[in-house]
Amino acid sequence: KMEIELPYLTDRMRSIHRLRHKPSHSDLSLQMALYYNSLYSVMYAIVFLIVSINKFYFYRYYISLALVTVWIVFEPIRLYFAFSGNLAEKVPDLATYLLLTICPQLPLVGLMAYFQLVRYPIDGIMGSLMLVFLFVELYLGGSAMRKQIRMQTSQFMRLVSTHDD
């Protein structure tokens, strides 16, 4: 670890400098998956909204429109918690992101992709790719959360052990 020596800094200024320049422990692979998923989610929302309006117009099948609406409401919230949890190293935000991925998003995407009465070929194709994104993000998000918990626990134990001395 290379540290820059600045002789004119006081001890207090050095400690503030160390606090401001701490290394990042965010997960790059999770961040990349989230970035590509956010781009794909915009396209997915547009296509599925058009397809759902089409299904409603021609088949009076309104359940698809309701599913897409619920998915569109939860997806930005889920991605916000994922980005903030990973970049700001917040374990509660990562946990919220994982729960939102498991509970509303996986069943909604699975339902929209495979279990509708009126299915178009694009439903299965785009839904399968979105499910792949979700499962990859679940794995990467779980490993990033475990890494964050270990890192924050070790920092806490170091802090406690230095104050006990």
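Each remark here, short or long, concerns the structure printed above.
How each quantity is defined
Within each chain, residues carry numbers counting from 1 in the order of the written sequence. Whole-chain, interface and lining totals are the exception, using all residues; otherwise, since this is a predicted model, local features are given only for residues with pLDDT of at least 70 and side-chain atom pairs are given and counted only at 80 or more. Side-chain numbers come from the whole structure's heavy atoms, not from hydrogens or water. Segments assigned H or I by DSSP are reported as helices when at least four residues long, segments assigned E as strands when at least two residues long, and all are numbered from the N terminus. Residue burial is assigned from relative accessible area. The probe radius is 1.4 Å, only protein chains are included, and a residue is buried under 20% of its type maximum, exposed over 50%, and partly exposed in between. The contact criterion used is simple: two residues touch if any of their non-hydrogen atoms lie within 4.5 Å. Note that accessible areas follow from Shrake-Rupley with a 1.4 Å probe, and for residues the cover is restricted to the protein chains shown. Classification of ring pairs rests on two measures: the distance between centres of Phe, Tyr or Trp rings, Trp counted by its six-membered ring, which must be within 6.5 Å, and the angle between planes, read as stacked under 30 degrees, edge-to-face over 60 and tilted in between. Only Lys NZ and Arg CZ are tested; either one counts as a charge over a ring when it is within 6 Å of the ring centre and within 35 degrees of the ring normal. Here an axis means a line fitted to C-alpha atoms, over the contact stretch when the element is a helix, while the angle between two N-to-C directions is reported on a 0 to 180 degree scale. Each angle receives one of four descriptions, namely roughly parallel if under 35 degrees, roughly antiparallel if over 145, roughly perpendicular if within 65 to 115, and oblique otherwise. By definition, turning the near helix anticlockwise from the far helix through less than a right angle yields a left-handed crossing, and turning it clockwise yields a right-handed one. When residues are sorted by character, Ala, Val, Leu, Ile, Met, Phe, Trp, Tyr, Cys and Pro go into the nonpolar class, Asp, Glu, Lys and Arg into the charged class, and all the rest, Gly among them, into the polar class. By definition here, a salt bridge exists when the distance from a side-chain nitrogen of Lys or Arg to a carboxyl oxygen of Asp or Glu is within 4 Å. Nonpolar core, defined: a set of buried Ala, Val, Leu, Ile, Met, Phe, Trp, Tyr and Cys residues in which side-chain atoms within 4.5 Å join the residues together. Expected helix span is given by 1.5 Å per residue-to-residue step, counting one fewer step than there are residues.

Go over the overall build of the protein with me, naming the residues and quoting the values.
A tally of helices and strands in the protein yields five helices and zero strands. For the protein, the N- to C-terminal ordering of α and β elements is α-α-α-α-α. When burial is assessed residue by residue, the protein has 39% of its 165 residues classed as buried. For the protein, long-range pairs separated by at least 24 residues make up 75% of all intrachain contacts whose partners lie at least 6 apart in sequence. For the protein, the exposed surface amounts to about 10,700 Å²; the carbon and sulfur share of it is 71%.

Tell me about the packing of aromatic side chains, residues and numbers included.
Tallying each qualifying case throughout the model produces nine aromatic pairs. Between R60 and the ring centre of F56, over which it is positioned, the NZ or CZ distance is 5.7 Å.

Quick rundown of the packing of helix α3 (residues 63–87) against helix α4 (residues 91–114)? Include the residues and the values.
Where α3 contacts α4, the two axes come as close as 9 Å, and the packing angle between them is 155°. The angle between α3 and α4 falls in the class roughly antiparallel. Every pair of crossing elements has a handedness; the one defined by α3 and α4 is left-handed. The residue makeup of the contact of α3 with α4, split by class, is 16 nonpolar, six polar and three charged.

Give a detailed account of the environment of L131, specifying residues and quantitative values.
Among the secondary structure elements, L131 is positioned in helix α5 (residues 121–164). For the pair formed by L131 and G110, sequence separation is 21 residues and the distance between their alpha carbons is 7.3 Å. Excluding residues within four positions of it along the chain, L131 makes contact with L106, V109, G110 and Y114.

Explain the packing of helix α2 (residues 28–59) against α3 to me, and be specific about the residues and the numbers.
It is the contact of α2 with α3, at a shortest axis distance of 10 Å, that shows an interaxial angle of 170°. Classified by the angle their axes make, α2 and α3 are roughly antiparallel. Partitioned by chemical class, the residues of the contact of α2 with α3 number 16 nonpolar, seven polar and three charged.

Which residues make up the pattern of salt bridges, and what values go with them?
If you walk through the whole model with that rule in mind, you get three salt bridges. The closest approach of N and O atoms between E75 and R78, which form a salt bridge, is 2.9 Å. With a gap of three residues between them, E75 and R78 both fall in helix α3, about one helical turn apart. On the basis of relative accessibility, which here comes to 0%, the residue R78 falls in the buried class.

Residues and numbers for the nonpolar core, please.
Counting residues in hydrophobic clusters, the biggest one holds 29 residues, and the most contacted among them are L30, Y44, W71, Y97, V109, M112 and M130. For this core, the secondary structure elements donating two or more residues are α2, α3, α4 and α5. Here the element with the most residues in this core is α5; it accounts for nine residues. In this structure, M112 is in contact with Y44, F48, L67, V68, W71 and D123, ignoring residues within four places of it in sequence.

Can you explain α3? Please cite residues and give values.
Helix length check: α3, at 25 residues, gives a terminal C-alpha distance of 36 Å against a target of 36 Å (1.5 Å per residue), a fit within 8%. Of all the positions in α3, only S64, L67, V68, W71, E75, R78, L79, A82, S84, G85 and N86 are classed as buried. One or two residues past the end of α3 sits E89, with phi positive at roughly 55°.

Quick rundown of unusual backbone geometry? Include the residues and the values.
Negative phi values dominate among residues other than glycine, just as trans dominates among peptide bonds. If you check the backbone angles, R60 has positive phi at about 55° while not being a glycine. For R60, the position within the fold is in the loop between α2 and α3. With a relative accessible area of 58%, R60 lands in the exposed category. In this model, E89 sits at a positive phi of 55°, which is unusual for a non-glycine residue.

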